[in-house]
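# Working through the structure, step by step
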Amino acid sequence: MELRKPVIGVPVNLLVDGHGTFPGIERAFVNLDYLRSLRLAGATPIALPFASTREDILAQLACLDGLLFAGGADLCPLTFGEEPIRGLGDVYPDMDTHQLALARAAAEAGLPMLGICRGMQVLNVAFGGTLHQDLDSLGDPLYQHVQRSHRHAISHTVDLVAGTLLERAFGQASIGTNSFHHQAVKALAPDFRVNARTRDGVIEGFERDQGFWALGVQWHPEGMVEKHPEMLRIFQLLVEACDREKVSIA
Ligand code: MN
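Here's a quick rundown of the structure.

Rules and cut-offs
Residues numbered from 1 in each chain as written. Predicted model: local features only at pLDDT ≥ 70, side-chain atom pairs only at ≥ 80, totals over all residues. Heavy atoms only, no water. Pairing = 2+ DSSP bridges. Helix = DSSP H or I, 4+ residues; strand = E, 2+ residues; numbered from the N terminus. Axes fitted to C-alpha atoms, helices over the stretch in contact; angles between N-to-C directions. Contact = heavy atoms within 4.5 Å. Donors = N, O, S within 2.8 Å, 3.2 Å for Na, K, Ca; no water. Buried < 20%, exposed > 50% of the residue type's maximum accessible area, 1.4 Å probe, protein only. Arc of directions from axis to C-beta. Core = buried A, V, L, I, M, F, W, Y, C linked by side-chain atoms within 4.5 Å.

Pairing is mixed across the open sheet formed by nine strands, whose spatial order is β4-β1-β5-β6-β13-β12-β11-β8-β9. Strands with a single pairing partner mark the edges of an open sheet, and in this sheet they are β4 (44-48) and β9 (174-177). Direction aside, neighbouring strands of the sheet carry axes that sit 25° apart on average. Pairing between strand β1 (residues 7-11) and β4: five bridges, direction parallel. Residue V7 lies in a different strand from β4, and its bridge partner there is T44. Contacts from helix α4 (residues 118-126) reach β5 (66-69), β6 (113-116), β12 (203-208) and β13 (214-217) within the one sheet, and its direction differs from that of β6 by about 125°.

Okay, structure coming up:
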């Protein structure tokens, strides 16, 4: 039987409609550019609604070959043992609960995971790291990490660490990326390795392959794929990791 396409779960974000016909109603959403990028990379994406019990989390994982944690709201700092500073943005604890539990259970099951922006931060916190709650609160000499330009526009240079999966995938020492984040990794989770940084020292990517496969990037490749097709490599790396995992299970 031919291998089906890897099924990649994308946990949903919460949207509360402020006006219109149903003010106050809560909706679940996933930005289409993530789903489009996964399809282009050869995967079948599916959206995962909030769940919190271990039984429901395991039931979601049973349908999947891998996970993509997307961008979105800030993580509640209580999840990594800090109190909220004034520069913290919107937080949705139900979303944090779902995604942190999903990441930890996926690691136990050996499912590959890609984290983008908030998703990278979710992976870091899930496995013992901490975050800068608000880069602007750190002051200079940090660069601007919330760009005021098109979604696809390159706004800063990211240096790739030699010998990492990410550096090998791009085949170059540095790449240009977009940037739409005000939080970032502070203490890196144990067993993760930094693979990308901006020249102000901000961690822009990490990876691991011991025990389970994970890749995180702080920029938004899904918003760049159309104009910068090389960014599809990031999604292909996830699909390839899922294929390898399936072969090893079979
Ligand atoms: Mn950045």
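Right, let's talk about the environment of G205 for a bit. Within the secondary structure, G205 sits in strand β12. Along the sequence, G205 and F192 sit 13 residues apart, while their C-alpha atoms lie 10.0 Å from each other. Residues contacting G205, with those up to four places away along its chain left out, are M120, R193, V194, N195, A196, G216 and V217.

The protein atoms donating to the manganese ion are H145 (ND1), H156 (NE2), S179 (OG), H181 (NE2) and E204 (OE), with metal-donor distances spanning 2.2 to 2.3 Å. Sequence spacing of the donors to the manganese ion: H-x10-H-x22-S-x1-H-x22-E. Highlighted residues: H145 in the loop between β7 (131-132) and β8 (156-160) and E204 in strand β12, separated in sequence by 59 residues. Exposure remark for H145: the relative accessible area of 4% places this residue in the buried category. For E204, a relative accessible area of 0% corresponds to the buried category.

Moving on, we come to helix α2 (residues 54-61). Here α2 has its buried residues at I57, Q60 and L61. On an axial view of α2, the arc spanned by its buried residues comes to 100°, and they lie on one face.

Turning our attention to the nonpolar core. If you look at the biggest cluster of nonpolar residues, it comprises 37 residues, and the most contacted ones within it are L68, L166, W219, I234 and F235. The dominant element in this core, judged by the number of residues it contributes, is helix α6 (residues 232-249), at eight residues. Setting aside its immediate chain neighbours within four residues, L68 contacts I8, G9, V10, P11, Y34, L38, L114, I116 and F235. Core analysis: the second largest hydrophobic core is formed by 33 residues, A107, L111, V125 and I203 among them.

Our focus in this paragraph is the pairing of β9. Regular strands place their side chains on alternate faces of the sheet. Side chains I175 and T177 project from β9 onto a buried face, and the interleaved S174 and G176 project onto a face without burial. Note: β8 against β9, four bridges, orientation antiparallel. Within the sheet, the bridge partner assigned to T157 lies in β9 and is G176.

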